[in-house]
Protein chains: 2
Amino acid sequence: MATIRDVARVAGVSIATVSRVYNGSARVSDETRRKVRAVAAKMDYWPNGAARSLTTARTHSLGVLLPDLYGEFFSEVIRGIDHGARQAKYQILVSSSHADSDALVVASRSMHGRIDGLIAMAPDVASTAAIKQIARNFPVVLLNPRVEVEGCYAISIANFEGAHTMVRHLIAQGHERIAILKGPHGNVDAEERLRGYRSALRESGIHPLPELEFDGDFTEASGHRRAKEILALEGLPTAVFAVNDYMAIGLLSALRDAGVRVPEDIAVTGFDNIAISQYLSPPLTTVQVDAYELGQRAVQQWLLAIEPEGRSTPPRHEVLPATLVIRRSCGVARSAVPRGGRKSKRKPDGG
Amino acid sequence: MATIRDVARVAGVSIATVSRVYNGSARVSDETRRKVRAVAAKMDYWPNGAARSLTTARTHSLGVLLPDLYGEFFSEVIRGIDHGARQAKYQILVSSSHADSDALVVASRSMHGRIDGLIAMAPDVASTAAIKQIARNFPVVLLNPRVEVEGCYAISIANFEGAHTMVRHLIAQGHERIAILKGPHGNVDAEERLRGYRSALRESGIHPLPELEFDGDFTEASGHRRAKEILALEGLPTAVFAVNDYMAIGLLSALRDAGVRVPEDIAVTGFDNIAISQYLSPPLTTVQVDAYELGQRAVQQWLLAIEPEGRSTPPRHEVLPATLVIRRSCGVARSAVPRGGRKSKRKPDGG
DNA sequence: GCGTCCTATGTAACCGTTTACATGCGCAGA
DNA sequence: TCTGCGCATGTAAACGGTTACATAGGACGC
């Protein structure tokens, strides 16, 4: 591809002038501007991003480090980030599958010089030091951090409160024997939701029972598998709180196959309010969390952080609400409750 | 952050030596190597990516241009790309929401100097020229292109064949009055699937009827909405083929609410085989397409293209198969058919 | 007619690397 | 002792831009 020098030569001007044409600000006569544009178009010239970054120390891209990209949650987070970034004319440099803090550091290092900032989901507490180190180079926004990291912006979802609210709702419906389908060990969201569950039980004088806590891994398959064990309990629970919707879906499917009616025989609830949860049979009572917004707000925070004025204000930790969405699966008479809607930011998609 | 010069000064060597330490290949004495590493670690040095790209003309990142990121299809495509890229030590620079070819060109331009190649889903035929232009600078892999573009690698999904097979299956089951829930106008996948539907009907001597073709936009909501119109038809269709699973889900939900039994009163089938389709009630008969693999193979093709030997072989157009997954929603007795499985590459996820 | 100012444009240093080529040193062979 | 070679390391020129500063020429006031 042609370089700035080629264009300058052909257009009969200096490289500085060509550069000025592409950076708008400087004063160039209309005639020169037109000539340069014309030559550049003919030669298919466009400024080289790497060279630009080198001199300006701005890359116009934003690093995104996630543990995984699977499932609607991550997919929506990244969509939110992409849209937010796009609005601000930034591109995103994505790298996922970061299971531990070492991988995180390696990835962020390899992005040095390519990004103006970082949005990351830190896998564990061990990352704290590493992240603090990274944050010295450019603003870092943490998603759902397990602990506060000094000097970092953060934004998370009210997992504890959401689960707490959900379980209190079940208790208010008269349920006392409430099982939980847990998420993967070590996952922050999963752990917070479990805490919320236990806390709500205790507050109502119900002792959390280990035999009512079932391991899961956030997949439909794990929800499906655990159904058998739940049904094998002596003293069936009257409600099962799955800590995400996918597991609730697997559970619902297995219960249906086993001839167990939901919500008549057993109530089932989820967490996340994924798009299809309202179309399930029965429609799923769940907790609304807006992953898209999580991503978008992360970008907003970051944009704030790179503003000259923004640097002065101390990093904030924002928390997105998690609200109850009551549908049929938890056993409220259908007519008594309006069918829970879902904010729709979606567009028709391919595939 | 420290530069190569800082490290060289402190370590008492030249910048060339530091550079050599980081590029492995060149011969540096063990002692010097250790010293440089130690100093670099202390100073928190890492080579600047932009500067590296500038001299080497390699960026170690791969551009990804998609029209959207919404829904399981795109989410899986990008996951496949990410994993493929990660394996080859590449990062991906993502930009979505490219509705038209102009946006595509703008985005690809702004990536100039930042990427070593491009994976793109071209929105329309008008893009052909633009893409050919882009492909002169580095290898381009097109996803599901509407037309062949000379000089570009391409990979697509057998949409036509998948739809064709599905409708032939329905006809083999005795269905003759088969409705279709179409996708968005202008969407390649949607149009190919529609073609497959019509073609299969004609082959069996059934004339495609306009009144049996319903507009949709790939969302559950649109499937839900169209249910009313379908049920209002004089002469109910005995089967409805939704061109993606999301619309099938909306349709199933609406039919259930209307007291229409699936598959007894009406058969419903989808397309894509998204993760939850096997957990629906009834489990959804659909067409398996592997979006993850689409992404992964796109990266493979691109890696092939940048190999020195690879450049000599002419660009290929690969087609991924779309295979029938028969479950209960299309009306075959449950015991007669093994429950269709789904390849699982998934890992437990967050949220 | 000359100094002054303004504007459009050119010159050249610099950003942080890589790498071809130069250098200097130790050692082996004659 | 001299030549030649190999190896570790240094020097300096790119890479393709941006931008501070210099410059040239025209308009203007006196």
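Bear in mind the structure is a predicted one, so any value in this text is a computation, not a measurement.

**Student:** Can you help me understand the relation of the copies chain B and chain A in this one?
**Tutor:** Relating the two copies of this chain is a rotation about some axis coupled with a shift parallel to it. Superposition record for chain B on chain A: RMSD 0.0 Å, screw rotation 180°, translation along axis 0.0 Å. Considering both components of the superposition, the chain copies are consistent with a two-fold axis. When you check the interface residues of chain B against chain A, 100% turn up at the interface there too, and the contact is symmetric in its surfaces.

**Student:** I'm lost on the interface of chain B and chain A in this one. Help?
**Tutor:** Accessible area lost upon the coming together of the parts is a frequently used measure of interface size. Contacts between chain B and chain A engage 76 residues on the former and 76 residues on the latter. Buried surface at the junction of chain B and chain A, summed over both partners, amounts to about 7000 Å²; 51% is from carbon and sulfur atoms. Linking chain B with chain A are 30 residue pairs in polar contact (both at pLDDT 80 or more), by the criterion used here. Per element, the largest residue contribution to the side of chain B that touches chain A is 10 residues, and it comes from helix α5 (residues 71-87) of chain B. Along the lines of polarity and charge, the residues of the side of chain B that touches chain A split into 28 nonpolar, 27 polar and 21 charged. Across 3 bridges, the pairing between strand β2 (residues 91-95) of chain A and strand β2 (residues 91-95) of chain B is antiparallel. Each bridged residue has a counterpart across the sheet, and for Ile 92 of chain A the counterpart in β2 of chain B is Val 94 of chain B.

**Student:** Which parts of the structure should I look at to understand the confidence of the model for chain A?
**Tutor:** Do not read the fine detail of predicted coordinates wherever pLDDT is low. With 92% of its residues at a pLDDT of 70 or more, chain A shows a mean pLDDT of 90. Note on residues 333-351 of chain A: pLDDT is under 50 here. Beyond four places in sequence and across chains, it has 58 contacts.

**Student:** Just checking my understanding: could you explain the packing of helix α1 (residues 4-11) of chain A against helix α2 (residues 15-23) of chain A for this structure?
**Tutor:** Each pair of packed helices can be summarised by the angle the axes make with each other and by the distance between the axes. Residues and elements named next belong to chain A. The N-to-C vectors of α1 and α2 enclose an angle of 105°; their axes lie 8 Å apart at closest approach. Taken together, the axis directions place α1 and α2 in an arrangement best described as roughly perpendicular. Contacts between α1 and α2 involve Ile 4, Arg 5, Val 7 and Ala 8 from the first element and Ile 15, Val 18 and Ser 19 from the second. Grouping the amino acids of the contact of α1 with α2 by side-chain chemistry returns 5 nonpolar, 1 polar and 1 charged.

**Student:** Could you clarify how one ought to interpret the environment of Gln 278 of chain A in this entry?
**Tutor:** Considering the arrangement of structural elements, one finds Gln 278 of chain A in the loop between β9 (267-269) and β10 (286-288). The spatial distance from the C-alpha of Gln 278 of chain A to the C-alpha of Ile 326 of chain A is 9.9 Å, given a sequence separation of 48 residues.

**Student:** When you look at the pairing of strand β1 (residues 61-65) of chain B in this model, what are you seeing that I'm missing?
**Tutor:** In the case of a regular strand, side chains alternate between the two sheet surfaces. All names here are of chain B. When you tally the buried positions in β1, you get 5 out of 5 residues, the bulk of the element. Side chains Ser 61, Gly 63 and Leu 65 project from β1 onto one buried face, and the interleaved Leu 62 and Val 64 project onto a second face that is buried too. With 5 bridges joining them, β1 and β2 adopt parallel strand pairing. If you follow Val 64 over to β2, its bridge partner there is Val 94. Handedness of the crossover joining β1 and β2 through α5 is recorded here as right-handed. With 3 bridges connecting them, β1 and strand β3 (residues 118-120) associate as parallel partners. Of the residues in β3, the one forming a bridge with Val 64 is Ile 119.

**Student:** Any chance you could explain the protein's contact with DNA strand D here in plain terms?
**Tutor:** In the vicinity of DNA strand D, 28 residues are found, and the nearest of them are Ile 4, Ser 19 and Thr 55 of chain A together with Thr 17 and Thr 32 of chain B. Sugar and phosphate atoms represent 58% of those atoms of DNA strand D found within 4 Å of the protein. Measuring from a base nitrogen of DNA strand D, one finds a backbone N or O atom of Ala 51 of chain A at 3.5 Å. Counting only elements with at least two residues in the surface near DNA strand D, the list comes to α1, α2 and α4 (49-56) of chain A together with α2 (15-23) and α4 (49-56) of chain B. Top element by residues in the surface near DNA strand D is α4 of chain A. It accounts for 5 residues. Considering only residue class, the surface near DNA strand D consists of 12 nonpolar, 12 polar and 4 charged.

**Student:** Even after reading the chapter, I still don't get the protein's contact with DNA strand C, so can you show me in this structure?
**Tutor:** Looking at DNA strand C, there are 28 residues lining it, with Thr 17, Thr 32 and Thr 55 of chain A together with Arg 5 and Ser 19 of chain B nearest. Among atoms of DNA strand C positioned within 4 Å of the protein, sugar and phosphate together represent 58%. Separating a base nitrogen of DNA strand C from a side-chain N or O atom of Arg 20 of chain A is a distance of 2.8 Å. In the model, a sugar or linking oxygen of DNA strand C is placed 3.1 Å from a nitrogen or oxygen of the Thr 55 of chain B side chain. Among the elements of the structure, α2 and α4 of chain A together with α1 (4-11), α2 and α4 of chain B are those that each provide at least two residues to the surface near DNA strand C. Taken together, the residues of the surface near DNA strand C sort by class into 12 nonpolar, 12 polar and 4 charged.

**Student:** It is not clear to me how the sheet that holds strand β8 (residues 239-242) of chain B should be interpreted in this structure. Could you clarify?
**Tutor:** Within a sheet, each strand pairs with its neighbour through backbone hydrogen bonds, oriented either parallel or antiparallel. All names here are of chain B. If you trace the 4 strands from one edge of the open sheet to the other, you get β7-β6-β8-β9, paired in parallel fashion. The open sheet has two edge strands with one neighbour each: β7 (213-214) and β9 (267-269). Of the pairings in the sheet, the one linking β8 to β9 comprises 3 bridges and is parallel in character. Among the inter-strand pairings, Val 240 is bridged to a residue of β9, identified as Val 268. With respect to the sheet, helix α9 (residues 188-203) is in contact with β6 (178-181), β7 and β8, its orientation differing from that of β6 by roughly 170°.

**Student:** Looking at this structure, how should I read the packing of α2 of chain B against helix α3 (residues 30-43) of chain B?
**Tutor:** Residue and element names in this part refer to chain B. Close contact between α2 and α3 brings their axes to 10 Å; oriented N to C, the two are set at 90°. When the interaxial angle is binned, α2 and α3 end up roughly perpendicular. From α2, Thr 17, Val 18, Val 21 and Tyr 22 reach across to α3, where they touch Thr 32, Arg 33, Val 36, Arg 37 and Ala 40. Split into classes, the residues belonging to the contact of α2 with α3 amount to 5 nonpolar, 2 polar and 2 charged.

**Student:** Before we go on, may I ask you to explain the packing of aromatic side chains in this structure?
**Tutor:** Pairs of aromatic rings are described using the distance from one ring centre to the other and the angle between the two planes. In this structure the tally under the stated criterion is 10 aromatic pairs over all chains. When the centroid spacing of 4.9 Å and the interplanar angle of 90° are considered together, the rings of Tyr 90 of chain A and Trp 302 of chain A count as edge-to-face. Taken together, the residues Tyr 90 of chain A in the loop between α5 (71-87) and β2 and Trp 302 of chain A in helix α12 (residues 291-306) connect sequence positions 212 residues apart. With relative accessibility at 9%, the residue Tyr 90 of chain A sits in the buried group. Taking the centre distance of 5.4 Å and the plane angle of 80° together, the rings of Tyr 22 of chain B and Tyr 45 of chain B count as edge-to-face. Here Tyr 22 of chain B is found in helix α2, whereas its partner Tyr 45 of chain B is found in the loop between α3 and α4, with 23 residues between them in sequence. Among the aromatic side chains, those forming a connected cluster through ring pairs are Tyr 22, Tyr 45 and Trp 46 of chain A. We note Arg 37 of chain A situated over the ring of Tyr 22 of chain A; from NZ or CZ to the ring centre the distance is 4.9 Å.

**Student:** Can you walk me through the pattern of salt bridges in this structure?
**Tutor:** Between side chains of opposite charge, a pair can form when the charged atoms approach closely. All told, the structure shown has 30 salt bridges over all chains when counted by the stated rule. Note that Arg 168 of chain A and Glu 203 of chain A form a salt bridge whose closest N and O atoms lie 2.8 Å from each other. On the criterion of sequence distance, the pair formed by Arg 168 of chain A in helix α8 (residues 159-172) and Glu 203 of chain A in helix α9 (residues 188-203) is long-range, its members being 35 residues apart. In this structure, Glu 192 of chain B and Arg 195 of chain B form a salt bridge, with 3.1 Å as the shortest nitrogen-oxygen distance. Of the two residues, Glu 192 of chain B and Arg 195 of chain B are both situated in helix α9; the distance of 3 residues between them amounts to about one turn of the helix. Its relative accessible area of 24% is what places Glu 192 of chain B among the partly exposed residues. Exposure remark for Arg 195 of chain B: the relative accessible area of 44% places this residue in the partly exposed category. It is possible to trace a salt-bridge network through shared partners that takes in Lys 182, Arg 198, Glu 213 and Asp 215 of chain A.

Procedures and definitions
- Residues numbered from 1 in each chain as written.
- Chains lettered and ligands numbered in written order.
- Predicted model: local features only at pLDDT ≥ 70, side-chain atom pairs only at ≥ 80, totals over all residues.
- Heavy atoms only, no water.
- Least-squares fit on C-alpha atoms with pLDDT ≥ 70 in both.
- Contact = heavy atoms within 4.5 Å.
- Buried area = accessible area lost by both parts, 1.4 Å probe.
- Polar contact = N/O pair within 3.5 Å; in protein donor to acceptor, adjacent residues only side chain to side chain.
- Helix = DSSP H or I, 4+ residues; strand = E, 2+ residues; numbered from the N terminus.
- Nonpolar A, V, L, I, M, F, W, Y, C, P; charged D, E, K, R; others polar.
- Pairing = 2+ DSSP bridges.
- pLDDT = per-residue confidence, 0-100.
- Axes fitted to C-alpha atoms, helices over the stretch in contact; angles between N-to-C directions.
- Parallel < 35°, antiparallel > 145°, perpendicular 65-115°, else oblique.
- Buried < 20%, exposed > 50% of the residue type's maximum accessible area, 1.4 Å probe, protein only.
- Right-handed = clockwise from strand over helix to strand, strands pointing away.
- Near = heavy atom within 4 Å.
- Phe/Tyr/Trp six-rings, centres within 6.5 Å; stacked < 30°, edge-to-face > 60°.
- Lys NZ or Arg CZ within 6 Å of the ring centre and 35° of its normal.
- Salt bridge = Lys/Arg side-chain N within 4 Å of Asp/Glu carboxyl O.

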